[in-house]
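# Architecture at a glance
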Amino acid sequence: MPLVRVDIQKNPDPTFARRIGEQIYAALRTCIDVPEHDNFQILSEHDSQHFVYDPQYLGIQRSDGVVFIQITISEGRTVEKKQLLFKTIAESLHTQLGIRLEDVFISLVEVKKENWSFGNGIAQYVS
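Let us look at the structure shown here. All values reported here derive from a predicted model rather than from experimental measurement.

## Things to note about helix α1 (residues 16-31)
With 16 residues, α1 ought to run about 22 Å at 1.5 Å a step, and its terminal C-alpha atoms sit 23 Å apart, in line with that. Those residues of α1 that sit buried are Phe16, Ala17, Ile20, Gly21, Gln23, Ile24, Tyr25, Ala27, Leu28 and Cys31. Tucked into the core, α1 has its buried residues touching β1 (3-9), β2 (40-46), β3 (67-74) and α2 (79-97). Aspartate 33 occupies a position one or two residues after α1 and carries a positive phi of about 60 degrees.

## What about the side chain of aspartate 38?
With respect to the helices and strands, the residue aspartate 38 is situated in the loop between α1 and β2. Buried charge without a salt bridge: aspartate 38, with arginine 77 as the nearest opposite-charge side chain at an N-O distance of 7.0 Å. Residues contacting aspartate 38, with those up to four places away along its chain left out, are Met1, Pro2 and Tyr25.

## Overview of the packing of aromatic side chains
Each aromatic ring pair is characterised by the separation of its centres together with the angle its planes make. Within the structure shown, the criterion is met by five aromatic pairs. Both rings, one in phenylalanine 51 and one in tyrosine 53, keep their centres 6.2 Å apart while their planes meet at 65 degrees; by these two values the pair is edge-to-face. Between the aromatic rings of phenylalanine 118 and tyrosine 125, the centroid separation amounts to 5.0 Å while the plane-to-plane angle is 70 degrees, which identifies the pairing as edge-to-face. Residue phenylalanine 118 is classed as partly exposed on the basis of its relative accessible area of 34%.

## Digging into the packing of α1 against α2
The contact between α1 and α2 brings their axes to 9 Å, and the two run at 145 degrees. Here the hand of the crossing between α1 and α2 comes out right-handed. Packed against α1, whose contacting residues are Phe16, Arg19, Ile20, Gln23, Ile24, Ala27, Leu28 and Cys31, the element α2 presents Lys81, Leu84, Leu85, Thr88, Ile89, Ser92, Leu93, Gln96 and Leu97 at the interface. Along the lines of polarity and charge, the residues of the contact of α1 with α2 split into eleven nonpolar, four polar and two charged.

What counts and how
- Residues numbered from 1 in each chain as written.
- Predicted model: local features only at pLDDT ≥ 70, side-chain atom pairs only at ≥ 80, totals over all residues.
- Heavy atoms only, no water.
- Helix = DSSP H or I, 4+ residues; strand = E, 2+ residues; numbered from the N terminus.
- Expected span 1.5 Å × (residues − 1).
- Buried < 20%, exposed > 50% of the residue type's maximum accessible area, 1.4 Å probe, protein only.
- Contact = heavy atoms within 4.5 Å.
- Lys, Arg positive; Asp, Glu negative; His and termini not counted.
- Salt bridge = Lys/Arg side-chain N within 4 Å of Asp/Glu carboxyl O.
- Phe/Tyr/Trp six-rings, centres within 6.5 Å; stacked < 30°, edge-to-face > 60°.
- Axes fitted to C-alpha atoms, helices over the stretch in contact; angles between N-to-C directions.
- Left-handed = near helix turned anticlockwise from the far one by under 90°.
- Nonpolar A, V, L, I, M, F, W, Y, C, P; charged D, E, K, R; others polar.

Here it is, written out as structure tokens:
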């Protein structure tokens, strides 16, 4: 169960954030075997006053088109799968939506399975 949060600056295209989410979901399905229908996303747009980033941290030249992606998942994936996920997301956002590779910022948060409740006040993954 990934929970995906995407934050971007306001975009004139009202479908832009949703299309970013579609690319991320496709990458999650291919790279870390997320099952069909396991798609939960929060897509947010911000004005420039509420969107702060360093334009050159670690020597990466970012623009106002930077996309912040935070993915919370259950722990247990290999480093190789995570690296493949990062690369796949960045490349698909670049090829499909024209987002610069330098502007794809991804944070992966891993949690234990008992830290999820999908509804009804029950921790469904606890056996």
